Amino acid sequence: MDKYVVEGGATLKGSVRVSGAKNSALKLMAASIMASEECVIRNVPDIADVRTMRELLVHMGLELEHESKTMRIVPSSNPRPEAPYEIVQKMRASIVVLGPILTRFGSAHVAMPGGCNIGSRQIDLHIKGLTEMGADISVLHGFIEAKAKRLKGARIYLELPSVGATENLLMAACMAKGTTIIENAAMEPEITDLAEFLLKLGARITGIGTHTLEIQGVDYLGSAEQTVIGDRVEGGTFLIAGAITRGEVKVEGLNPLHLDIVLEKMREAGCAIEVGDNWVRVSIPGELTGIEISTLPYPGFPTDLQPQMVALLSTAQGISFVTENIFDNRFMVVDELNRLGANIKTRNHHAIIHGVPRLSGAPVTATDLRAGAALVIAGLCAEGETVVHDIYHIDRGYECFEDKLRGVGAKIVRTS
Ligand code: EPZ
């Protein structure tokens, strides 16, 4: 099992280019299941989750090649409309193949996604929406068995703007018969990226980037070429790493608008932020002070940058107050940060952070992808050595993480 050994104290300086967004690339790959011709997806990061999704599509009979960030996907002449347990339990996001498989092949056999250590990750809204579109769905022996000769358009109201449910239903609606309206849809930039890919395939969608999506089903989806947007969560992670070391870091290759609220909150804490058309630079002119943050669906503060911000605020002056509204168990990083000398208390969905003058290096364990990144960030400014265990979590969503950090002066090595 690999681990990171981080030597604290370096001040990060320089530029880092983000990779393609994990949470977009995975969905474009899932959408290619509906394509009848070859698709090309560019700027696809070489990360574990992409390799898992690739394994799933190959299992289904599609042909894929992934050379230097360009992925070519050739449709299957003999498709297998199923997602086996061994693959789904590696990556919950596999559930987004359910909609594409069902709408394209009329039946789907998809393993229920396992639990997840940031909270219960239901899929009731996915199932409810597909049922409203006429699917006959049952869950038997841990598998979702779905059948529908042809899905039919429906008006679907999502009780909460679930990213995955929006994506599954959006894709399912593309080849359903008639019109589907999805109300209270999620609006994350990765969903806009997916919708634009679907338009290129021949889908008919309006309301992209709003809470109401309207889709006219079509009988045929052809081919598409698209470059995945820059990863806003990776970009935010590196900006916070620059800030916690009181350095100066520029992240390139992303749309700063996708980080609007994050940059606003970093400014509120005392960061100086400069923005270009595809880059953001952070520096720290004075002291960092505590702020309040509440995670919300986009364009609110992203839950995927909450652990990293908690790490940053644990070194700011004064008290910070963080509320996690998206997941019901996403403060597991707090116990590990406290091992590094942070002073954080959690109460249900709230974390109260008393800033400390310095953190001290210690062995810690990553519990999920973003918590792992947050622990590396904390280790960058902790006195002495921090060893982060279970970094396979980080490998799921960060491409060349230690190389990029070393590129801006971090002292970090990967050891087995
Ligand atoms: C996506 O997960 C992202 N993953 C997550 O990023 C991200 O944190 C999340 O959206 C929120 O932005 C991918 O895109 C692969 P949700 P998803 O459906 O689709 C509840 C990362 O680190 N819910 O919006 O699973 C659910 O329990 C990952 O890259 C239901 O109750 O998120 C959760 O509490 C972590 N019923 C909340 O909604 C449902 O049917 C948000 O879930 C669906 C969801």
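## Comments concerning the overall build of the protein
When you go through the protein residue by residue, the secondary structure sums to 14 helices and 24 strands. Radius of gyration (C-alpha) of the protein: 21 Å, near the 22 Å computed for a compact globule of 416 residues. Here the protein, with 416 residues, has 57% of them falling under the buried criterion. For the protein, long-range pairs separated by at least 24 residues make up 73% of all intrachain contacts whose partners lie at least 6 apart in sequence. Accessible surface computed for the protein: about 15700 Å², of which carbon and sulfur atoms make up 49%. Each charge class in the protein can be summarised by its mean position, and for the 41 positive and 50 negative side chains these summaries are 1 Å apart.

## Examining the site of the ligand
Taken together, 23 residues surround the ligand, and among them K27, D124, L125, D304 and I326 come closest. For the ligand, an oxygen atom lies 2.7 Å from a polar atom in the side chain of S162. Within the contact set of the ligand, an oxygen atom lies 2.8 Å away from a backbone nitrogen or oxygen of G164. Burial of the ligand by the surrounding chains reaches 87%, relative to a free accessible area of 830 Å². Mapped by element, the contributors of at least two residues to the shell around the ligand are α1 (22-31), α5 (124-132), α6 (163-174) and α12 (369-381). Taken together, the residues of the shell around the ligand sort by class into 9 nonpolar, 7 polar and 7 charged. Mapped onto the domain boundaries, the shell around the ligand takes at least three residues apiece from domain 1 (3-18 + 230-415) and domain 2 (22-227).

## Remarks on the nonpolar core
By size, the foremost hydrophobic cluster in this structure holds 76 residues, and its most contacted members are M29, I41, L130, M133, L151, L170 and L198. Among the elements that line this core, the one with the most residues is α6, at 7 residues.

## Brief notes about the packing of α1 against helix α7 (residues 189-201)
For any two helices packed against each other, the geometry comes down to the angle between their axes and how far apart the axes lie. Two elements in contact, α1 and α7, have axes whose closest approach is 9 Å; the angle formed by their N-to-C orientations is 25 degrees. One element, α1, and the other, α7, form an angle in the roughly parallel class. You can see that α1 and α7 cross each other, and the crossing is right-handed. Contacts between α1 and α7 involve N23, S24, K27, L28 and A31 from the former and E190, D193, L194, F197, L198 and L201 from the latter. Considered class by class, the residues forming the contact of α1 with α7 number 6 nonpolar, 2 polar and 3 charged.

## Overview of the environment of G300
Note on placement: G300 falls in the loop between β18 (292-294) and α10 (306-313). Separated by 229 residues in the primary sequence, G300 and M71 have C-alpha atoms spaced 31 Å apart.

## Some words on the domain arrangement of the protein
By the assigned domains, the protein splits into domain 1 (3-18 + 230-415) and domain 2 (22-227). The interface of domain 1 with domain 2 comprises 21 residues on the first partner and 20 residues on the second. Across the domain 1/domain 2 interface, buried area totals approximately 1800 Å², and carbon plus sulfur atoms make up 50% of it. A per-residue breakdown of the area domain 1 buries against domain 2 is headed by Y298, R396 and E399, which together make up 36% of the total. Taken together, the links from domain 1 to domain 2 amount to 3 salt bridges. One salt bridge in this structure joins D49 and R396, with 2.8 Å as the shortest N-O distance. One can count 7 residue pairs in polar contact (both at pLDDT 80 or more) joining domain 1 with domain 2. Elements with a minimum of two residues in the side of domain 1 that touches domain 2: α12 and α13 (392-395). Looking at the side of domain 1 that touches domain 2 residue by residue, the classes come out as 6 nonpolar, 5 polar and 10 charged.

## Brief notes about the packing of aromatic side chains
Going through the model one piece at a time under the given rule, you end up with 3 aromatic pairs. With centroids separated by 6.3 Å and ring planes inclined at 50 degrees, the aromatic side chains of Y4 and F401 adopt a geometry described as tilted. With Y4 in strand β1 (residues 3-7) and F401 in helix α14 (residues 401-406), this residue pair connects regions lying 397 residues apart in the sequence. Across the pair, F401 and Y4 agree in class, each one buried. On the basis of an interplanar angle of 50 degrees and a centroid distance of 5.7 Å, the ring pair of F238 and F401 is categorised as tilted. Within this pair, whereas F238 is found in helix α8 (residues 232-244), its partner F401 is found in helix α14, the two being separated by 163 residues in sequence. Residue F401 is classed as buried on the basis of its relative accessible area, which comes to 1%. By way of ring pairs, the aromatic residues Y4, F238, Y398 and F401 are connected into one cluster. In this arrangement the basic side chain of K250 is found over the ring face of W279, its NZ or CZ atom lying 4.5 Å from the centre.

## A closer look at the side chain of E324
Along the chain, E324 turns up in the loop between β19 (319-323) and α11 (333-339). No salt bridge is formed by the buried E324; its nearest oppositely charged neighbour, R330, is found at 5.4 Å. A polar contact is formed between the side chain of E324 and the backbone nitrogen of F327, at a distance of 3.0 Å. Look past the residues within four positions of E324 in its chain and what remains in contact with it is T295, T303, Q306, R330, F331 and H349.

## Re the sheet that holds strand β5 (residues 70-74)
What links the strands of a sheet is backbone hydrogen bonding, and the strands pair in either a parallel or an antiparallel sense. Here 4 strands make up an open sheet; going across it, the order is β4-β5-β3-β14 and the pairing mixed. In this open sheet, the two edge strands, each paired with only one partner strand, are β4 (63-67) and β14 (225-227). The sheet shows a mean angle of 10 degrees between the axes of neighbouring strands, taken without regard to direction. With 3 bridges connecting them, strand β3 (residues 39-42) and β14 associate as parallel partners. Residue pairing for β14: I41 is matched across the bridge by Q226. Contacts between helix α2 (residues 48-59) and the sheet are confined to β4 and β5, with β4 contributing the most and set at about 155 degrees to the helix. Against the sheet, α7 touches β3 and β14, its axis set at about 160 degrees to β14.

Reading guide: rules and limits
Residues numbered from 1 in each chain as written. Predicted model: local features only at pLDDT ≥ 70, side-chain atom pairs only at ≥ 80, totals over all residues. Heavy atoms only, no water. Helix = DSSP H or I, 4+ residues; strand = E, 2+ residues; numbered from the N terminus. Rg over C-alpha atoms; globule rule 2.2 N^0.38 Å. Buried < 20%, exposed > 50% of the residue type's maximum accessible area, 1.4 Å probe, protein only. Contact = heavy atoms within 4.5 Å. Areas by Shrake-Rupley, 256 points an atom, 1.4 Å probe, with all protein chains shown as cover. Lys, Arg positive; Asp, Glu negative; His and termini not counted. Charge placed at Lys NZ, Arg CZ, Asp CG, Glu CD. Near = heavy atom within 4 Å. Polar contact = N/O pair within 3.5 Å; in protein donor to acceptor, adjacent residues only side chain to side chain. Nonpolar A, V, L, I, M, F, W, Y, C, P; charged D, E, K, R; others polar. Domains from an automatic or database assignment. Core = buried A, V, L, I, M, F, W, Y, C linked by side-chain atoms within 4.5 Å. Axes fitted to C-alpha atoms, helices over the stretch in contact; angles between N-to-C directions. Parallel < 35°, antiparallel > 145°, perpendicular 65-115°, else oblique. Left-handed = near helix turned anticlockwise from the far one by under 90°. Buried area = accessible area lost by both parts, 1.4 Å probe. Salt bridge = Lys/Arg side-chain N within 4 Å of Asp/Glu carboxyl O. Phe/Tyr/Trp six-rings, centres within 6.5 Å; stacked < 30°, edge-to-face > 60°. Lys NZ or Arg CZ within 6 Å of the ring centre and 35° of its normal. Pairing = 2+ DSSP bridges.

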